[in-house]
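Chain by chain, the residues run as shown.
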Amino acid sequence: MAALRVAVLVLCLRCAAAAVPLVIWHGMGDSCCNPQSMGYIKKIVENKIPGIYVLSLKIGNNLIQDMENSFFMNVNDQVREVCSQLAKDPHLKGGYNAMGFSQGGQFLRAVAQRCPSPPMLNLISVGGQHQGSVYGFPRCPGESSHICDWIRKTLNLGAYTQAVQEHLAQAEYWHDPLKEEDYRKNSIFLADINQERGINETYKKNLMALKKFVMVKFLNDTMVDPPISEWFGFYKSGQAKETIPLKETSLYTEDRLGLQEMDKAGKLVFLGVKGDHLHFSEEWFYTTILPFLQ
(Lines give C-alpha, C1' and ligand atoms only; values in the text may rest on other atoms or scores of the structure.)
Protein backbone atom coordinates (compact mmCIF):
# COMPACT_ATOMS: atom_id res chain seq x y z
CA MET A 1 0.00 0.00 0.00
CA ALA A 2 2.84 2.39 0.85
CA ALA A 3 4.49 1.68 -2.50
CA LEU A 4 1.21 2.45 -4.26
CA ARG A 5 0.90 5.79 -2.48
CA VAL A 6 4.44 6.71 -3.49
CA ALA A 7 3.71 5.76 -7.10
CA VAL A 8 0.55 7.88 -7.16
CA LEU A 9 2.43 10.81 -5.59
CA VAL A 10 5.21 10.59 -8.17
CA LEU A 11 2.63 10.45 -10.97
CA CYS A 12 0.86 13.53 -9.62
CA LEU A 13 4.15 15.41 -9.34
CA ARG A 14 4.97 14.53 -12.93
CA CYS A 15 1.54 15.80 -14.07
CA ALA A 16 2.09 19.07 -12.24
CA ALA A 17 5.57 19.43 -13.70
CA ALA A 18 4.23 18.75 -17.20
CA ALA A 19 1.65 21.55 -17.02
CA VAL A 20 2.86 24.38 -19.22
CA PRO A 21 2.57 27.74 -17.42
CA LEU A 22 -0.01 30.22 -18.67
CA VAL A 23 0.33 33.99 -18.94
CA ILE A 24 -2.87 36.06 -19.26
CA TRP A 25 -3.18 39.70 -20.35
CA HIS A 26 -6.51 41.45 -19.78
CA GLY A 27 -8.30 43.89 -22.04
CA MET A 28 -9.17 47.59 -21.97
CA GLY A 29 -10.67 48.83 -18.71
CA ASP A 30 -10.08 45.54 -16.93
CA SER A 31 -7.46 44.41 -14.41
CA CYS A 32 -5.42 41.33 -13.68
CA CYS A 33 -7.53 40.02 -10.86
CA ASN A 34 -11.15 41.02 -11.33
CA PRO A 35 -13.08 38.01 -9.93
CA GLN A 36 -15.65 38.33 -12.73
CA SER A 37 -13.09 38.33 -15.55
CA MET A 38 -9.39 37.48 -15.34
CA GLY A 39 -9.62 36.19 -11.79
CA TYR A 40 -12.39 33.87 -12.94
CA ILE A 41 -10.38 32.65 -15.95
CA LYS A 42 -7.37 32.00 -13.74
CA LYS A 43 -9.51 30.01 -11.30
CA ILE A 44 -11.18 27.76 -13.87
CA VAL A 45 -7.86 27.02 -15.61
CA GLU A 46 -6.28 26.09 -12.29
CA ASN A 47 -9.26 23.87 -11.47
CA LYS A 48 -9.10 22.03 -14.78
CA ILE A 49 -5.29 21.71 -15.04
CA PRO A 50 -3.93 20.69 -11.62
CA GLY A 51 -0.55 22.13 -10.81
CA ILE A 52 -0.54 24.75 -13.55
CA TYR A 53 1.14 28.09 -12.87
CA VAL A 54 -1.04 30.97 -14.09
CA LEU A 55 0.31 34.53 -14.21
CA SER A 56 -2.33 37.20 -14.80
CA LEU A 57 -0.35 40.28 -15.76
CA LYS A 58 -0.62 43.44 -13.69
CA ILE A 59 0.78 46.69 -15.09
CA GLY A 60 1.25 48.99 -12.12
CA ASN A 61 1.43 48.75 -8.35
CA ASN A 62 -2.25 48.05 -7.74
CA LEU A 63 -5.48 47.16 -9.52
CA ILE A 64 -6.50 50.79 -10.09
CA GLN A 65 -3.20 51.55 -11.78
CA ASP A 66 -3.51 48.37 -13.80
CA MET A 67 -6.91 49.44 -15.10
CA GLU A 68 -5.80 53.02 -15.79
CA ASN A 69 -2.68 51.86 -17.59
CA SER A 70 -4.84 49.85 -19.99
CA PHE A 71 -5.97 53.26 -21.28
CA PHE A 72 -3.18 55.73 -20.63
CA MET A 73 0.19 53.93 -20.62
CA ASN A 74 2.21 53.78 -23.82
CA VAL A 75 1.78 50.25 -25.20
CA ASN A 76 5.46 49.90 -26.03
CA ASP A 77 6.26 50.67 -22.38
CA GLN A 78 3.66 48.13 -21.29
CA VAL A 79 5.23 45.47 -23.50
CA ARG A 80 8.70 46.26 -22.13
CA GLU A 81 7.35 45.97 -18.58
CA VAL A 82 5.75 42.61 -19.36
CA CYS A 83 8.91 41.30 -21.04
CA SER A 84 10.82 42.23 -17.89
CA GLN A 85 8.27 40.47 -15.66
CA LEU A 86 8.42 37.31 -17.76
CA ALA A 87 12.21 37.24 -17.90
CA LYS A 88 12.43 37.47 -14.10
CA ASP A 89 9.82 34.78 -13.39
CA PRO A 90 11.56 31.43 -12.73
CA HIS A 91 8.32 29.52 -13.43
CA LEU A 92 8.47 30.56 -17.08
CA LYS A 93 12.07 29.81 -18.01
CA GLY A 94 11.11 26.60 -19.84
CA GLY A 95 8.44 28.33 -21.90
CA TYR A 96 4.80 29.28 -21.48
CA ASN A 97 1.46 29.59 -23.23
CA ALA A 98 -0.11 33.03 -23.56
CA MET A 99 -3.74 34.09 -23.71
CA GLY A 100 -4.75 37.68 -24.38
CA PHE A 101 -8.24 39.11 -24.12
CA SER A 102 -9.24 41.90 -26.51
CA GLN A 103 -6.31 44.35 -26.74
CA GLY A 104 -4.29 41.93 -24.61
CA GLY A 105 -4.24 39.69 -27.69
CA GLN A 106 -2.23 42.06 -29.87
CA PHE A 107 -0.13 43.16 -26.90
CA LEU A 108 0.94 39.56 -26.27
CA ARG A 109 1.70 39.15 -29.97
CA ALA A 110 4.12 42.05 -29.57
CA VAL A 111 5.70 40.17 -26.67
CA ALA A 112 6.10 37.10 -28.89
CA GLN A 113 7.73 39.18 -31.63
CA ARG A 114 9.99 41.30 -29.44
CA CYS A 115 10.87 39.08 -26.47
CA PRO A 116 11.69 35.47 -27.40
CA SER A 117 13.10 34.60 -23.99
CA PRO A 118 11.46 32.94 -22.19
CA PRO A 119 9.82 31.31 -25.22
CA MET A 120 6.11 31.70 -25.88
CA LEU A 121 4.83 28.31 -27.07
CA ASN A 122 1.22 28.96 -28.05
CA LEU A 123 -0.60 32.28 -28.37
CA ILE A 124 -4.37 32.44 -27.93
CA SER A 125 -5.94 35.74 -28.89
CA VAL A 126 -9.51 36.07 -27.62
CA GLY A 127 -11.04 38.96 -29.53
CA GLY A 128 -7.70 40.67 -30.19
CA GLN A 129 -7.59 43.28 -32.97
CA HIS A 130 -4.56 42.33 -35.00
CA GLN A 131 -5.19 44.65 -37.93
CA GLY A 132 -6.27 47.41 -35.64
CA SER A 133 -9.51 48.78 -34.39
CA VAL A 134 -11.48 50.24 -32.67
CA TYR A 135 -12.28 52.30 -35.75
CA GLY A 136 -15.27 54.42 -34.76
CA PHE A 137 -14.87 53.31 -31.11
CA PRO A 138 -18.54 52.25 -30.99
CA ARG A 139 -18.80 51.00 -27.42
CA CYS A 140 -16.85 50.67 -24.21
CA PRO A 141 -17.03 48.27 -21.26
CA GLY A 142 -19.10 48.93 -18.16
CA GLU A 143 -17.81 51.39 -15.61
CA SER A 144 -15.23 52.79 -18.02
CA SER A 145 -17.83 54.34 -20.34
CA HIS A 146 -17.11 57.93 -19.22
CA ILE A 147 -13.42 57.42 -19.95
CA CYS A 148 -14.30 56.01 -23.34
CA ASP A 149 -16.42 59.04 -24.22
CA TRP A 150 -13.36 61.22 -23.69
CA ILE A 151 -11.11 58.81 -25.59
CA ARG A 152 -13.52 58.71 -28.54
CA LYS A 153 -13.43 62.49 -28.84
CA THR A 154 -9.64 62.53 -28.53
CA LEU A 155 -9.18 59.86 -31.20
CA ASN A 156 -11.52 61.63 -33.59
CA LEU A 157 -9.61 64.89 -33.14
CA GLY A 158 -6.11 63.53 -33.64
CA ALA A 159 -5.36 59.85 -33.20
CA TYR A 160 -2.07 60.09 -35.08
CA THR A 161 -0.61 63.13 -33.35
CA GLN A 162 2.51 62.43 -31.31
CA ALA A 163 0.99 63.45 -27.99
CA VAL A 164 -2.05 61.19 -28.41
CA GLN A 165 0.01 58.26 -29.72
CA GLU A 166 2.38 58.35 -26.77
CA HIS A 167 -0.25 58.66 -24.04
CA LEU A 168 -3.35 56.79 -25.23
CA ALA A 169 -3.10 53.05 -25.68
CA GLN A 170 -6.12 52.76 -27.99
CA ALA A 171 -4.62 55.31 -30.39
CA GLU A 172 -1.64 53.02 -30.83
CA TYR A 173 -3.77 50.38 -32.55
CA TRP A 174 -6.20 52.85 -34.11
CA HIS A 175 -6.29 51.95 -37.80
CA ASP A 176 -8.26 54.41 -39.91
CA PRO A 177 -8.82 52.87 -43.36
CA LEU A 178 -9.42 56.37 -44.76
CA LYS A 179 -6.02 57.56 -43.50
CA GLU A 180 -3.73 54.65 -44.32
CA GLU A 181 -0.69 56.83 -44.93
CA ASP A 182 -1.10 58.62 -41.59
CA TYR A 183 -1.48 55.26 -39.89
CA ARG A 184 1.66 53.76 -41.47
CA LYS A 185 3.73 56.84 -40.76
CA ASN A 186 2.57 57.75 -37.27
CA SER A 187 1.27 54.63 -35.48
CA ILE A 188 3.94 53.90 -32.89
CA PHE A 189 2.74 50.40 -32.01
CA LEU A 190 0.51 48.52 -34.47
CA ALA A 191 2.23 49.73 -37.63
CA ASP A 192 5.51 48.55 -36.12
CA ILE A 193 4.46 45.04 -35.11
CA ASN A 194 2.58 44.61 -38.42
CA GLN A 195 5.70 45.50 -40.42
CA GLU A 196 4.04 48.48 -42.14
CA ARG A 197 7.25 50.52 -42.42
CA GLY A 198 9.68 47.76 -43.32
CA ILE A 199 10.55 44.18 -42.50
CA ASN A 200 12.05 43.33 -39.13
CA GLU A 201 13.26 39.79 -39.71
CA THR A 202 13.56 39.20 -35.96
CA TYR A 203 9.84 39.90 -35.50
CA LYS A 204 9.04 37.45 -38.28
CA LYS A 205 11.37 34.74 -36.97
CA ASN A 206 10.07 35.06 -33.41
CA LEU A 207 6.40 34.90 -34.37
CA MET A 208 6.99 31.89 -36.61
CA ALA A 209 8.52 30.07 -33.63
CA LEU A 210 5.04 29.68 -32.13
CA LYS A 211 3.57 26.20 -32.21
CA LYS A 212 0.04 27.56 -32.60
CA PHE A 213 -1.41 31.03 -33.05
CA VAL A 214 -5.10 30.78 -32.15
CA MET A 215 -7.42 33.66 -33.05
CA VAL A 216 -10.96 33.81 -31.63
CA LYS A 217 -13.50 36.02 -33.40
CA PHE A 218 -16.81 36.96 -31.78
CA LEU A 219 -19.46 36.49 -34.45
CA ASN A 220 -21.85 39.11 -33.02
CA ASP A 221 -19.22 41.64 -31.95
CA THR A 222 -20.55 45.20 -31.55
CA MET A 223 -17.41 46.64 -30.00
CA VAL A 224 -14.66 45.83 -32.49
CA ASP A 225 -14.91 47.53 -35.87
CA PRO A 226 -14.30 45.67 -38.09
CA PRO A 227 -14.76 42.34 -36.28
CA ILE A 228 -12.71 40.56 -38.97
CA SER A 229 -9.65 42.23 -37.44
CA GLU A 230 -9.88 39.49 -34.81
CA TRP A 231 -8.91 37.09 -37.63
CA PHE A 232 -6.28 39.50 -39.01
CA GLY A 233 -8.58 40.81 -41.76
CA PHE A 234 -9.47 44.45 -42.34
CA TYR A 235 -11.19 46.95 -44.60
CA LYS A 236 -10.12 47.26 -48.19
CA SER A 237 -7.82 50.25 -48.37
CA GLY A 238 -9.42 53.64 -48.89
CA GLN A 239 -12.94 52.83 -47.70
CA ALA A 240 -14.74 51.62 -44.58
CA LYS A 241 -17.44 49.27 -45.85
CA GLU A 242 -15.97 46.24 -47.61
CA THR A 243 -13.65 43.95 -45.65
CA ILE A 244 -11.14 41.38 -46.84
CA PRO A 245 -9.86 38.27 -45.03
CA LEU A 246 -6.25 37.80 -43.97
CA LYS A 247 -5.31 35.82 -47.09
CA GLU A 248 -6.19 38.78 -49.32
CA THR A 249 -4.17 41.33 -47.36
CA SER A 250 -0.68 42.41 -48.44
CA LEU A 251 0.53 41.40 -44.99
CA TYR A 252 -0.24 37.80 -45.97
CA THR A 253 0.51 37.81 -49.71
CA GLU A 254 3.89 39.47 -49.12
CA ASP A 255 4.34 37.32 -45.98
CA ARG A 256 5.78 40.22 -44.03
CA LEU A 257 5.14 38.49 -40.68
CA GLY A 258 5.46 34.86 -41.72
CA LEU A 259 1.70 34.30 -41.40
CA GLN A 260 1.48 32.68 -44.82
CA GLU A 261 4.19 30.21 -43.94
CA MET A 262 2.63 29.57 -40.54
CA ASP A 263 -0.73 28.99 -42.22
CA LYS A 264 0.73 26.42 -44.61
CA ALA A 265 2.35 24.67 -41.64
CA GLY A 266 -0.99 24.42 -39.84
CA LYS A 267 0.03 26.84 -37.10
CA LEU A 268 -2.82 29.33 -37.55
CA VAL A 269 -6.15 28.44 -35.95
CA PHE A 270 -9.27 30.53 -36.62
CA LEU A 271 -12.15 30.03 -34.19
CA GLY A 272 -15.56 31.67 -34.20
CA VAL A 273 -17.91 31.89 -31.27
CA LYS A 274 -21.46 33.24 -31.19
CA GLY A 275 -21.83 36.25 -28.95
CA ASP A 276 -20.78 39.84 -28.43
CA HIS A 277 -17.26 40.92 -27.55
CA LEU A 278 -15.72 38.64 -24.90
CA HIS A 279 -19.06 36.90 -24.30
CA PHE A 280 -18.58 33.15 -24.13
CA SER A 281 -19.77 30.25 -22.02
CA GLU A 282 -17.72 28.24 -19.58
CA GLU A 283 -18.55 25.12 -21.58
CA TRP A 284 -17.18 26.71 -24.78
CA PHE A 285 -13.99 27.67 -22.97
CA TYR A 286 -13.52 24.13 -21.63
CA THR A 287 -14.17 22.35 -24.92
CA THR A 288 -12.53 24.81 -27.33
CA ILE A 289 -9.74 26.71 -25.56
CA LEU A 290 -8.59 24.39 -22.80
CA PRO A 291 -7.16 21.76 -25.20
CA PHE A 292 -4.56 24.30 -26.38
CA LEU A 293 -3.36 24.67 -22.78
CA GLN A 294 -3.00 20.97 -21.98
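So, here is what we can say about the structure in this document. (Residues numbered from 1 in each chain as written. Predicted model: local features only at pLDDT ≥ 70, side-chain atom pairs only at ≥ 80, totals over all residues. Heavy atoms only, no water.)

The next point concerns unusual backbone geometry. A cis amide bond links serine 117 to the next residue, proline 118, at an omega of 0°. Tracing the sequence through the fold places proline 118 in the loop between helix H5 (103–114) and strand S4 (120–126). The residue after aspartate 225, namely proline 226, is reached through a cis peptide bond having omega 5°. Of note, proline 226 is situated in the loop between strand S5 (212–218) and strand S6 (234–235). Of note, aspartate 255 is a non-glycine position whose phi angle comes to about 50°, a positive value. Structurally, aspartate 255 is set in the loop between helix H11 (250–253) and helix H12 (259–264). (Helix = DSSP H or I, 4+ residues; strand = E, 2+ residues; numbered from the N terminus.)

Now for the side chain of aspartate 263. Position of aspartate 263 among the secondary structure elements: in helix H12. According to the relative accessible area criterion, aspartate 263 is buried, its value standing at 19%. Polar contacts involving the side chain of aspartate 263 include one to the side chain of tyrosine 252, which spans 2.7 Å. If we skip the residues at most four places from it in the chain, aspartate 263 touches Lys247, Tyr252 and Leu268. (Buried < 20%, exposed > 50% of the residue type's maximum accessible area, 1.4 Å probe, protein only. Polar contact = N/O pair within 3.5 Å; in protein donor to acceptor, adjacent residues only side chain to side chain. Contact = heavy atoms within 4.5 Å.)

Let us look at the environment of aspartate 89. The topology assignment puts aspartate 89 in the loop between helix H4 (75–88) and strand S3 (96–101). Residue class for aspartate 89 comes out buried when judged on its relative accessible area of 10%. For aspartate 89 and proline 118, which are 29 residues apart along the polypeptide, the C-alpha to C-alpha distance reads 9.1 Å. Other than its neighbours up to four places away in sequence, aspartate 89 contacts Tyr53 and Leu55.

Spatially, six strands are ordered S2-S1-S3-S4-S5-S8 in an open sheet, and the strand pairing comes out parallel. Single-partner strands in this sheet number two, and they are strand S2 (54–56) and strand S8 (268–273). The average angle at which neighbouring strand axes cross in this sheet is 15°, direction not considered. Note that S5 and S8 share six bridges and pair parallel. If you follow phenylalanine 213 over to S8, its bridge partner there is leucine 268. Of the strands in this sheet, strand S1 (22–25), S2 and S3 touch H4, which is tilted by about 160° from S1. (Pairing = 2+ DSSP bridges. Axes fitted to C-alpha atoms, helices over the stretch in contact; angles between N-to-C directions.)

Right, let's talk about the packing of aromatic side chains for a bit. The geometry of an aromatic ring pair is captured by two quantities: the separation of the ring centres and the angle between the planes. As enumerated under the stated definition, the model contains ten aromatic pairs in all. Between phenylalanine 107 and tyrosine 173, the ring centres sit 6.2 Å apart and the planes meet at 65°, which makes this aromatic pair edge-to-face. Of this pair, phenylalanine 107 sits in helix H5 while tyrosine 173 sits in the loop between helix H7 (162–167) and helix H8 (180–186); the two residues are 66 residues apart in sequence, bridging distant segments of the chain. Assigned by exposure class, phenylalanine 107 and tyrosine 173 land together as buried. One aromatic cluster is present, built from ring pairs that chain together Trp25, Phe107, Tyr173 and Phe189. Directly above the aromatic system of tyrosine 286 lies the positively charged group of lysine 48, at a separation of 4.5 Å from the ring centroid. Across from the ring centre of tryptophan 231, 4.8 Å away, lies the NZ or CZ of lysine 217, which sits over that ring. (Phe/Tyr/Trp six-rings, centres within 6.5 Å; stacked < 30°, edge-to-face > 60°. Lys NZ or Arg CZ within 6 Å of the ring centre and 35° of its normal.)

It is worth spelling out the state of the cysteines at this point. Inspection of every chain in the model, using the stated rule, returns two disulfides. Disulfide partner of cysteine 83: cysteine 115, at an S-S distance of 1.9 Å. Taking the sign of the S-S torsion, about 95° here, the bridge from cysteine 83 to cysteine 115 comes out right-handed. Here cysteine 83, found in helix H4, pairs with cysteine 115, found in the loop between H5 and S4; they are 32 residues apart in sequence, far enough to count as distant. (Disulfide = S-S within 2.5 Å.)

So, about the nonpolar core. Trp25, Leu86, Val111, Met120, Phe213 and Leu259 are the most contacted members of the largest nonpolar core, which totals 53 residues. If near-sequence neighbours (up to four positions away) are discounted, tryptophan 25 is found in contact with Leu57, Ile59, Gln78, Val79, Val82, Met99, Gly100, Phe101, Gly104, Phe107, Leu108 and Val111. By size, the runner-up hydrophobic cluster in this structure holds 25 residues, among which are Leu22, Ile124, Trp284 and Phe285. (Core = buried A, V, L, I, M, F, W, Y, C linked by side-chain atoms within 4.5 Å.)

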